[in-house]
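Coordinates in review
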Amino acid sequence: MASQRRKLSNPLALTVMVALTEKPMHPYEIAQTLRRQGKDQSTKINYGSLYTVVQNLEKHGFVEITDVQRQGNRPERTLYGLTDAGREEMTEWLSQLLAVPAREYPIFETALSLMGVIHPDEAAQLLEERLAKLEVEAAGVRGGLAKLYETVPRLFLVEVEYQLHMIEAQVEWVGGFLKEIHTGSLDGVDAWRRFHETGELPPEFGELQDPT
């Protein structure tokens, strides 16, 4: 399945469309539903921008106003439902996300790519801190999953399983990387240390910056 540019790229828009497959809702009810379902654990949800997302979905014909409710002196509440075009967009978008790997840019990867400007001993200390926090986080997610399995079908917990797997994989990698720094077996660690202790750029570092 080939990747394609979509009219909307904010994952919150996709999450909203999926929520509206249940029934038409007003934005506040959508927000409550997403919070209740724990979607804020797998999707970056800015509830303040939810109204804008719904408006953009309406602009592109993916949702439409199905009713306007008024109760007593309360403000009108506009209910939005998914259109046929929205259902098609939702299905195609979700299918693409499931089938086509996308290059993402986690901020930790950015930090690793710039880590050389920090002394290896300090970098190791910082990574030790990260490792400790990751282990606590993994234990918390693992315990939460165990309780959820008692009442929630696994189908609705697979994203949490994936999160746990990613945390555990990072724990394993960071732990192994730290061991290499501490034992000195990391290729290039001596030059890294020498750079910070002498202030002179090792020849091998210069070759990386200027391959010509």
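What you see is a predicted model; the values in this text were computed from it and never measured.

1. Observations concerning the pattern of salt bridges
- With the rule as written, the count across this model stands at seven salt bridges.
- The shortest N-O distance in the salt bridge between Arg-6 and Glu-92 comes to 3.4 Å. Taken as a pair, Arg-6 in the segment before helix 1 (11-19) and Glu-92 in helix 4 (residues 84-99) lie far apart in primary sequence, 86 residues in all.
- Linked through salt bridges whose partners overlap, the residues forming this network are Arg-6, Glu-89 and Glu-92.

2. Side note on the environment of Arg-103
- Its place among the elements puts Arg-103 in the loop between helix 4 and helix 5 (107-114).
- Sequence spacing of Arg-103 and Val-136 is 33 residues, and the spatial spacing of their C-alpha atoms is 28 Å.

3. Some remarks on the nonpolar core
- Membership of the largest hydrophobic core comes to 23 residues, with the highest contact counts inside it found for Val-16, Met-17, Ile-30 and Leu-57.
- Secondary structure elements with two or more residues in this core: helix 1, helix 2 (27-36), helix 3 (50-59), strand 2 (77-82) and helix 4.
- Discounting residues that sit within four places of it in the chain, Ile-30 has contacts with Val-16, Leu-20, Met-25, Leu-50 and Val-54.
- With 22 residues, the next largest nonpolar core counts Phe-108, Leu-127, Ala-138 and Leu-186 among its residues.

Basis of the calculations
- Per chain, residue numbering runs from 1 following the sequence as it is written.
- Predicted model: local features are reported for residues with pLDDT of at least 70 only, side-chain atom pairs are reported and counted for 80 or more only, and whole-chain, interface and lining totals are derived from all residues.
- Processing note: side-chain calculations cover all non-hydrogen atoms of the structure and skip hydrogens and water entirely.
- Salt-bridge detection follows one rule: a side-chain nitrogen of Lys or Arg within 4 Å of a carboxyl oxygen of Asp or Glu.
- A run of H or I in DSSP becomes a helix once it reaches four residues, and a run of E becomes a strand once it reaches two; helices and strands are each numbered from the N terminus.
- Each nonpolar core is a collection of buried residues, namely Ala, Val, Leu, Ile, Met, Phe, Trp, Tyr and Cys, held together in the definition by side-chain atoms within 4.5 Å.
- Relative accessibility decides the category of a residue: with a 1.4 Å probe and only protein chains considered, values under 20% of the type maximum give buried, values over 50% give exposed, and everything between is partly exposed.
- We call two residues in contact when some of their heavy atoms are within 4.5 Å.

Shape descriptors only; they carry no functional weight alone.
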